[in-house]
Amino acid sequence: LQEESGKRLGEILVAEFGHYWFHRISHENPWVWRLHATHHSAQRLYWLNATRFHPLDLLALLAFQTVPLILAGATPRAILMYSLFAAVYGQLQHANVQLRTGPLDWLFATPVLHRFHHSTDPREGNANYGAILIAWDLAFRSFFRPKGRDFAGPVGIAALPHFPRGWLAQLASQQTAGQDRASDERRSGRRDGDSAAAVSGQHDRSDARADRDAQQG
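Given the structure is predicted, the values throughout are model-derived calculations rather than measurements.

Visitor: Give a description of the nonpolar core that names residues and reports values.
Guide: If you look at the biggest cluster of nonpolar residues, it comprises 11 residues: Ala15, Leu69, Ala74, Ala78, Ile79, Tyr82, Ala86, Tyr89, Ala131, Ile132 and Leu133. Grouped together as the second largest cluster of nonpolar side chains are six residues, Leu45, Phe144, Phe151 and Val155 included.

Visitor: How would you explain the packing of helix α3 (residues 55-71) against helix α4 (residues 76-94) if you had to name every residue and give the values?
Guide: Any two packed helices are characterised by the angle at which their axes cross and by the distance between the axes. Running from amino to carboxyl end, α3 crosses α4 at an angle of 155 degrees, the nearest separation of the two axes being 10 Å. Judged by the angle between their axes, α3 and α4 are roughly antiparallel. α3 and α4 meet at a crossing whose hand is right-handed. Here Gln65, Thr66, Leu69 and Ile70 of α3 come into contact with α4, specifically with Ile79, Tyr82 and Ser83. Taken together, the residues of the contact of α3 with α4 sort by class into four nonpolar, three polar and no charged.

Visitor: Describe the environment of valine 112, with residues and values.
Guide: With respect to the element layout, valine 112 can be found in helix α5 (residues 111-117). On the basis of relative accessibility, which here comes to 11%, the residue valine 112 falls in the buried class. For the pair valine 112 and arginine 145, spaced 33 residues apart in the sequence, the C-alpha separation amounts to 8.5 Å. Once residues lying within four places of it in the same chain are set aside, the contact partners of valine 112 are Leu99, Thr101, Asp105 and Arg145.

Visitor: Please provide a residue-by-residue account of helix α2 (residues 30-40), values included.
Guide: With nine of 11 residues buried, α2 lies mostly within the body of the structure. For α2, the set of buried residues is Val32, Trp33, Arg34, Leu35, His36, Ala37, Thr38, His39 and His40. The backbone nitrogen of tryptophan 31 has a side-chain oxygen 2.9 Å away, supplied by the residue at the start of α2, namely asparagine 29.

Visitor: Explain α4 to me, using residue names and the numbers behind them.
Guide: The end-to-end C-alpha distance of α4, which contains 19 residues, comes to 27 Å, matching closely the 27 Å that a straight helix rising 1.5 Å per residue would cover. The complete set of buried residues in α4 reads Ala78, Ile79, Tyr82, Ala86, Tyr89, Gly90, Gln93 and His94. For α4, the angular spread of the buried residues around the axis is 120 degrees, confining them to a single face. Exposed positions of α4 whose direction lies more than 90 degrees from the buried face are Pro76, Arg77 and Val88.

Visitor: Could you give me a rundown of the packing of aromatic side chains, with the residues and numbers involved?
Guide: With the rule as written, the count across this model stands at 12 aromatic pairs. On the numbers, 6.1 Å between centres and 10 degrees between planes, the contact of phenylalanine 85 with tyrosine 89 is stacked. With phenylalanine 85 and tyrosine 89 both in helix α4, this residue pair falls four residues apart, about one helical turn. Phenylalanine 85 sits in the partly exposed class, given a relative accessible area of 47%. Residue classification places tyrosine 89 among the buried residues on the basis of a relative accessible area of 14%. Joined through ring pairs, the aromatic side chains of Phe17, Tyr20, Trp21, Tyr129, Trp136 and Phe140 make up one cluster. Its guanidinium or amino end placed over the ring of tyrosine 46, arginine 44 lies 4.4 Å from that ring's centre, counting from NZ or CZ.

Visitor: Go over the side chain of histidine 114 with me, naming the residues and quoting the values.
Guide: With respect to the secondary-structure elements, histidine 114 resides in helix α5. In this structure histidine 114 touches His39, Gln93, His94 and Asn128, once residues within four positions along its chain are discounted.

Visitor: Provide a residue-level description of the pattern of salt bridges, including the pertinent values.
Guide: A full pass over the atoms with the stated rule returns seven salt bridges. Glutamate 124 is the partner of arginine 149 in a salt bridge, and the nearest nitrogen-oxygen pair spans 2.8 Å. Within this pair, whereas arginine 149 is found in the loop between α7 (135-139) and α8 (167-171), its partner glutamate 124 is found in helix α6 (residues 122-125), the two being separated by 25 residues in sequence. Residue class for glutamate 124 comes out buried when judged on its relative accessible area of 8%. Arginine 145 serves as the salt-bridge partner of aspartate 150, at 3.4 Å between the closest nitrogen and oxygen. Look at aspartate 150 and you get partly exposed, because its relative accessible area is 38%. The structure contains a network of salt bridges with shared partners spanning Arg100, Asp105, Arg145 and Asp150.

Rules used throughout
Residues numbered from 1 in each chain as written. Predicted model: local features only at pLDDT ≥ 70, side-chain atom pairs only at ≥ 80, totals over all residues. Heavy atoms only, no water. Core = buried A, V, L, I, M, F, W, Y, C linked by side-chain atoms within 4.5 Å. Buried < 20%, exposed > 50% of the residue type's maximum accessible area, 1.4 Å probe, protein only. Axes fitted to C-alpha atoms, helices over the stretch in contact; angles between N-to-C directions. Helix = DSSP H or I, 4+ residues; strand = E, 2+ residues; numbered from the N terminus. Parallel < 35°, antiparallel > 145°, perpendicular 65-115°, else oblique. Left-handed = near helix turned anticlockwise from the far one by under 90°. Contact = heavy atoms within 4.5 Å. Nonpolar A, V, L, I, M, F, W, Y, C, P; charged D, E, K, R; others polar. Polar contact = N/O pair within 3.5 Å; in protein donor to acceptor, adjacent residues only side chain to side chain. Expected span 1.5 Å × (residues − 1). Arc of directions from axis to C-beta. Phe/Tyr/Trp six-rings, centres within 6.5 Å; stacked < 30°, edge-to-face > 60°. Lys NZ or Arg CZ within 6 Å of the ring centre and 35° of its normal. Salt bridge = Lys/Arg side-chain N within 4 Å of Asp/Glu carboxyl O.

This is the structure in structure tokens:
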């Protein structure tokens with residue numbers, strides 16, 4: 001039983017590794033962000049947010065989760081079980097309920113942590129990428145949980161003023177990526193010299209990481 005449990009945990013970590021890196025890329029790469037922005041476009045968190053994805057974003061995410069599992073020799077049953085659990089857990093993760101998860105925030109990608117991930121502030125939103133576990137965020141320093149403060153909002157993509165609200169229009173949003181260069185940088189946290197002077201409150205990834213560390217320290 002112990003050996004089987006260790007194997008299951010290893011498989012979850014492998015799947016989470018793929019999920020983590022694609023999810024992080026989808027925030028840091030402007031073109032992939034145009035797809036992922038559909039998920040972040042909702043202006044309030046509720047359980048259906050977990051199913052609001054651009055199809056291409058969802059397919060790529062599933063591939064990054066399952067291909068590493070296949071390469072690691074996971075059985076089809078294990079892959080299916082992880083996918084189903086991640087989907088169901090996602091409903092809880094986005095649910096509009098108040099939970100006090102305490103020390104569990106250091107093990108799991110709890111709803112408390114995921115609220116910060118949906119923040120309009122890139123210093124908070126470019127963090128907590130895990131689907132079930134928070135291990136890879138801790139390992140790669142993208143974990144964000146400030147001491148003594150719960151997330152109070154707002155959520156969404158306030159710096160993407162031209163991003164369409166309707167889901168069908170969002171499906172074609174990748175075609176107009178060039179119209180919102182400054183908005184694309186909202187999630188990557190990157191700024192060139194001109195945009196840094198023009199857009200306040202935006203940081204590159206190193207600045208955002210330093211801000212997160214300061215708030216958590």
